[in-house]
Amino acid sequence: MFPMSSPAVAFFLSLLFLLLAAAAANLDIGKTLSGYSDFSDFSSMLNETGVADQINSLQTVTVLAVPNGNLGALSGLSSEDKKMVMSVHVVLDYYDETKFNKSHSKHPKILTTLYQETGKARKQVGFLNLTNTGKGPIVFASAVPNSHIEAQYVKEVSTKPYDLSVLQISNLLNVASVSPAPYVAPVASPPRKVLAPAATPTSSPTPSLADEEDVSPTSSKTKPSTGSEPAAAADAPGSEQEKSAAPASVPCLASTILMISTWAWFLLTVTN
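Residues numbered from 1 in each chain as written. Predicted model: local features only at pLDDT ≥ 70, side-chain atom pairs only at ≥ 80, totals over all residues. Heavy atoms only, no water.

**Points about the pairing of strand E7 (residues 164-169)**
- The element E7 is extensively covered by neighbouring structure, given that six of its six residues are classed as buried.
- Bridge analysis of strand E1 (residues 61-65) against E7 gives five bridges, and the strand direction is parallel. Within E7, the residue paired with Thr-62 across the bridge is Ser-165.
- In the sheet, strand E6 (residues 150-160) pairs with E7 via six bridges, with the strands oriented antiparallel. When the sheet's bridge partners are listed, Ser-158 is paired in E7 with Val-166.
- Connecting the antiparallel pair E6 and E7 is a turn made up of three residues. (Buried < 20%, exposed > 50% of the residue type's maximum accessible area, 1.4 Å probe, protein only. Helix = DSSP H or I, 4+ residues; strand = E, 2+ residues; numbered from the N terminus. Pairing = 2+ DSSP bridges.)

**With respect to the nonpolar core**
- Grouped together as the largest cluster of nonpolar side chains are 48 residues, with contacts concentrated most on Ile-29, Phe-42, Leu-46 and Phe-140.
- What Phe-140 contacts, discounting residues up to four positions off in sequence, is Leu-64, Phe-100, Leu-111, Asn-129, Leu-130, Ile-149, Glu-150, Ala-151, Tyr-153, Ile-169 and Leu-173. (Core = buried A, V, L, I, M, F, W, Y, C linked by side-chain atoms within 4.5 Å. Contact = heavy atoms within 4.5 Å.)

**Here we look at unusual backbone geometry**
- Geometrically, the link from Pro-161 to Tyr-162 is a cis peptide bond, its omega value of -15 degrees lying close to zero.
- Here Gln-124, not a glycine, exhibits a phi torsion of approximately 65 degrees, which is positive.
- Judged by relative accessible area, Gln-124 falls into the partly exposed class, the value being 43%.
- Positive phi, normally seen in glycine, also occurs at Asn-146, with a value near 60 degrees.

**Side note on the packing of aromatic side chains**
- In this structure the tally under the stated criterion is four aromatic pairs.
- Measuring from centroid to centroid gives 5.9 Å for Tyr-95 and Phe-100, while their planes differ by 20 degrees, and the two rings are stacked.
- Classification of Tyr-95 by relative accessible area gives buried; the value is 3%.
- Look at Phe-100 and you get buried, because its relative accessible area is 1%.
- Between Phe-100 and Phe-140, the ring centres sit 6.3 Å apart and the planes meet at 65 degrees, which makes this aromatic pair edge-to-face. One end of the pair, Phe-100, is in helix H6 (residues 97-101); the other, Phe-140, is in strand E5 (residues 139-142), with 40 residues separating them in the sequence.
- Here the basic side chain of Lys-99 rests over the ring of Tyr-95, its NZ or CZ set 4.2 Å away from the ring centre. (Phe/Tyr/Trp six-rings, centres within 6.5 Å; stacked < 30°, edge-to-face > 60°. Lys NZ or Arg CZ within 6 Å of the ring centre and 35° of its normal.)

Okay, structure coming up:
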């Protein structure tokens, strides 16, 4: 055995590294499609959007190619949307005619596309549903709910098991038409200025019925008497009960005056 530090071991390891690097970079989608003139527009769009370089950096991939004349849905799209649409036509797995014939299923199979790997996909835009029941056409459809965007498998174009497979489909999967708009954070509106309520003139409270009842006796007690009444009261002889009741009216008059003073002070306080 050669010692680990020998030049022969170093040469062997370098050669192995070069072989592995060449094997990892052996995909060339442009070269593969160059032999098929029906897909020249599709190949040009892969190069224009940069998706061709991404395909060439992969190890296992299936390209869903669309023939010339069926790419009209790309016209008018932005560069970013074109790249998104082309990326959805790159499946990160290997599929060919043989695999289709061995993978019939009653339920759709979910396929991951190159667009899903970008981290920009939302609401399942980066996934496809593969329907292959064996009793009808093989259908590729967008996994976006209610998108109704689908294309049928037509034929196998080129294969390199299990690295690169190019399959023809009937039409373009224009997922840009169902792609949700990018999220935009709502702009907070400035706080509204709250206006103070307009001052209303203060009105003096209306005396209640009870207050009126308290005030009404006062007017009768403070009503000035005529000149003849005191003389008549003084001259007319009264009974002992009348003489004793006269002094009792003094405290009643004092309490009435105190009540009136209190009510007047209350009205002044409320008004000010």
